[in-house]
Amino acid sequence: MPGLADSRRWDILPGDASAERALMEGCHVPAIVARTLAARGIATVEEARRFLTPSLERDWADPLLIPGMGEAADRVERALDAGESIAVFGDFDVDGMSATCLLTLALRELGGRVQPYIPNRFGEGYGLSRDALARVIEGCHPDLIVTVDNGIASKAEVDWLKTQGIDVVVTDHHEPAELVPEGVPVTDPKLEEHNVSRELAGAGVALKLAQELGRRKGEPKLWRAYTEVATLGTISDMMLLAGENRALVADGIACMRNTRRPGIVALAATAGVDLATITSDDLPFSLIPRLNAAGRMGTTDVAFDLLLTSDPARAAQLAARLEQVNTERREIEAQLTDEAMAKVEATYDGGRVIVVGGEGWHEGVKGIVASRITNRYHVPAILFSISDGIARGSGRSVGSVDLFHAVEQCSDELVRFGGHAGAVGVTCDAASLDSFRQSLEDVMDALPEEEFEDRGEVTALVGLDEMTVENIDALEVMQPFGQG
């Protein structure tokens with residue numbers, strides 16, 4: 001049965017003929033390139049030249065412009081000087097792994113006693129959970145825990161760590177809310193509304209900390225050794241490729257094409273990718289899904305160890321194991337897709353949201369399957385895995401529907417929830433699933449129909465005479481491509 005809106009509405013960006021002519025003449029690019037740049041709001045020759053020549057030297061801002069970065073660097077510097085035990089606490093997605101990897105390596109290069117830690121997706125969940133922290137404390141007895149790509153909403157956990165005599169530095173890039181930790185250094189570009197570094201991924205913020213520490217310790221260029229690792233996190237988290245991120249990814253891709261980092265070399269080999277010609281838009285279809293698969297399957301240590309290792313033989317073994325994990329992920333995803341689609345087809349009545357669950361459905365791939373359901377039925381979908389009377393769901397939205405706000409209005413039915421407009425995580429009692437579904441349907445029914453329309457973007461219109469191999473190749477001058 002079709003969903004609410006099976007069609008996509010295309011928006012054509014407005015052109016600027018005068019800017020197009022100026023860019024053609026001033027930058028010596030074909031009309032198709034100039035038209036694309038002008039449609040994206042790049043109206044002057046100076047702007048275009050900056051866009052076409054991304055540069056870390058020119059575009060990368062001072063780390064100390066990020067709120068709290070100075071205080072964070074102060075505390076980590078003291079730990080380095082005193083020989084304290086430092087734990088770097090990350091996340092099981094590619095951004096979290098990349099951030100953990102680069103900060104661990106940088107701190108070790110500066111003489112630090114550092115132990116990285118990535119929580120287990122299934123046993124411990126996201127962020128500074130008590131279970132994960134207990135394992136960190138037992139494993140390395142840290143004097144200081146530095147979070148990367150998480151921690152901005154961990155006030156209670158940080159307060160508990162302080163009672164254990166453990167200091168904390170929080171580095172994150174997520175939106176702050178009411179649960180920002182207090183009494184410890186917290187650095188996050190989103191603590192300031194118009195911060196120049198607001199669009200950085202967690203790996204980008206970690207790279208800034210590494211840069212500032214290197215500057216203080218007489219290694220001002222140290223951070224440049226990790227741009228390819230930070231690029232993986234930036235692309236994976238779909239960060240806006242403008243300004244700092246554009247310069248970072250351009251540099252990271254250039255480094256990746258000549259990399260000697262064993263993990264990336266081995267990963268590319270198993271993925272059948274030629275690193276010498278790799279581009280930013282290749283990564284989401286080659287290296288990144290394989291790294292992500294480990295987190296989804298509860299074997300994050302395989303992917304993380306692959307990024308961290310300096311041993312080519314070890315890297316080859318880990319990359320082969322990761323390929324097996326990715327194959328297993330595909331098989332489980334295909335099986336769950338079949339089961340979930342069958343259940344939806346049997347129960348969906350054409351409404352504005354799909355809420356479906358199954359006993360023992362795999363936790364790690366349900367978000368991907370929710371996306372598949374959304375793509376087929378063109379309505380938001382939340383897929384729940386039920387175990388021991390608890391339903392844990394992952395949801396994806398469509399069009400401009402703010403799924404987080406919609407779920408928030410049904411929070412009385414839930415144990416916890418989180419996410420953003422396009423994707424949510426939800427936990428509730430399995431017995432409450434039907435009432436949650438009804439509440440969410442009521443919220444969706446109140447929304448205007450146009451919010452459910454998928455919208456695509458046409459950057460520029462071209463004539464058939466312009467569709468030549470030379471012109472298409474000329475578009476490559478605008479690399480790196482990515483979000484935005």
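What counts, and at which threshold
Residues numbered from 1 in each chain as written. Predicted model: local features only at pLDDT ≥ 70, side-chain atom pairs only at ≥ 80, totals over all residues. Heavy atoms only, no water. Helix = DSSP H or I, 4+ residues; strand = E, 2+ residues; numbered from the N terminus. Rg over C-alpha atoms; globule rule 2.2 N^0.38 Å. Buried < 20%, exposed > 50% of the residue type's maximum accessible area, 1.4 Å probe, protein only. Contact = heavy atoms within 4.5 Å. Areas by Shrake-Rupley, 256 points an atom, 1.4 Å probe, with all protein chains shown as cover. Lys, Arg positive; Asp, Glu negative; His and termini not counted. Charge placed at Lys NZ, Arg CZ, Asp CG, Glu CD. Pairing = 2+ DSSP bridges. Axes fitted to C-alpha atoms, helices over the stretch in contact; angles between N-to-C directions. Phe/Tyr/Trp six-rings, centres within 6.5 Å; stacked < 30°, edge-to-face > 60°. Lys NZ or Arg CZ within 6 Å of the ring centre and 35° of its normal. Left-handed = near helix turned anticlockwise from the far one by under 90°. Nonpolar A, V, L, I, M, F, W, Y, C, P; charged D, E, K, R; others polar. Parallel < 35°, antiparallel > 145°, perpendicular 65-115°, else oblique. Salt bridge = Lys/Arg side-chain N within 4 Å of Asp/Glu carboxyl O.

Draft legend 1. Structural context of the overall build of the protein chain. Secondary structure assignment for the protein chain yields 19 helices and twelve strands. On C-alpha atoms alone, the protein chain measures out to a radius of gyration of 23 Å, which is about the 23 Å that the 2.2 N^0.38 rule sets for 484 residues. C-alpha atoms of the protein chain, sized along the principal axes, occupy 65 × 65 × 45 Å. By residue count, 53% of the 484 residues in the protein chain fall in the buried class. Nonlocal contacts in the protein chain, meaning residues at least 24 apart in sequence, comprise 68% of its contacts between residues at least 6 apart. Surface accessibility of the protein chain: about 21,200 Å² in total, with carbon and sulfur atoms responsible for 49%. Charged side chains of the protein chain number 45 positive and 78 negative; the gap between the two group centres comes to 4 Å.

Draft legend 2. Region of interest: the sheet that holds strand β7 (residues 354–359). Ordered by their spatial adjacency, five strands build an open sheet running β7-β8-β9-β11-β10, and the pairing between neighbours is mixed. The open sheet has two edge strands with one neighbour each: β7 and β10 (416–419). Averaged over all adjacent pairs, the angle separating strand axes in this sheet is 15°, with direction ignored. Relative to strand β11 (residues 423–429), β10 is paired through four bridges, and the arrangement is antiparallel.

Draft legend 3. The arrangement of the sheet that holds strand β5 (residues 167–171) in detail. Pairing is parallel across the open sheet formed by five strands, whose spatial order is β3-β2-β4-β5-β6. Looking at the sheet topology across the chains shown, the edges are occupied by β3 (113–117) and β6 (186–187). Of the pairings in the sheet, the one linking β5 to β6 comprises two bridges and is parallel in character. Among the inter-strand pairings, Thr171 is bridged to a residue of β6, identified as Thr187.

Draft legend 4. Spotlight on the packing of aromatic side chains. Summed over the entire model, instances satisfying the criterion amount to five aromatic pairs. For the ring pair Tyr348 and Tyr377, a centre distance of 5.1 Å and an interplane angle of 75° mean the geometry is edge-to-face. On the criterion of sequence distance, the pair formed by Tyr348 in the loop between α15 (312–347) and β7 and Tyr377 in helix α16 (residues 366–377) is long-range, its members being 29 residues apart. Taken as a pair, Tyr348 and Tyr377 share a single burial class, namely buried. Geometry around Trp223 places Arg224 over its ring, the cationic atom sitting 5.5 Å from the centre.

Draft legend 5. Quick look at the packing of helix α14 (residues 300–308) against α15. Running from N to C, α14 and α15 point in directions that differ by 150°, and their axes come no closer than 9 Å. Of the two elements, α14 crosses α15, and the hand of that crossing is left-handed. Residues Val302, Ala303, Asp305 and Leu306 of α14 touch α15, and the partners they reach there are Arg314, Ala315, Leu318, Ala319, Arg321 and Leu322. Residues that form the contact of α14 with α15 fall into these classes: seven nonpolar, no polar and three charged.

Draft legend 6. Spotlight on the packing of helix α13 (residues 287–296) against α15. It is at 9 Å that the axes of α13 and α15 come closest, and there the two elements cross at 75°. Looking at the two axes, α13 sits roughly perpendicular to α15. Residues Pro289, Arg290, Leu291, Ala293 and Ala294 of α13 form the contact with α15, whose participating residues are Leu322, Glu323, Val325, Asn326, Arg329 and Arg330. Of the residues in the contact of α13 with α15, the class split is six nonpolar, one polar and four charged.

Draft legend 7. Highlighting the pairing of strand β4 (residues 144–147). Burial of the side chains of β4 extends over both faces: Leu144 and Val146 are buried on one face and Ile145 and Thr147 on the other. Bridging between strand β2 (residues 85–89) and β4 involves four bridges; their strand directions are parallel. From the neighbouring strand, Phe89 faces β4, where its bridge partner is Thr147. Pairing between β4 and β5: four bridges, direction parallel.

Draft legend 8. Up close: the pattern of salt bridges. In the structure shown here, the tally under the stated rule is 29 salt bridges. Between Arg216 and Glu212 there is a salt bridge; the shortest N-O distance is 2.8 Å. One end of the pair is Arg216 and the other is Glu212, both in helix α9 (residues 202–216) and four residues apart, which spans about a single turn. The class for Arg216 is partly exposed, based on a relative accessible area of 24%. Of the charged contacts in the structure, one is a salt bridge between Glu345 and Arg376, with a shortest N-O distance of 3.1 Å. Within this pair, whereas Glu345 is found in helix α15, its partner Arg376 is found in helix α16, the two being separated by 31 residues in sequence. One network of salt bridges, with partners in common, ties together Asp74, Glu77, Glu212, Arg215 and Arg216.

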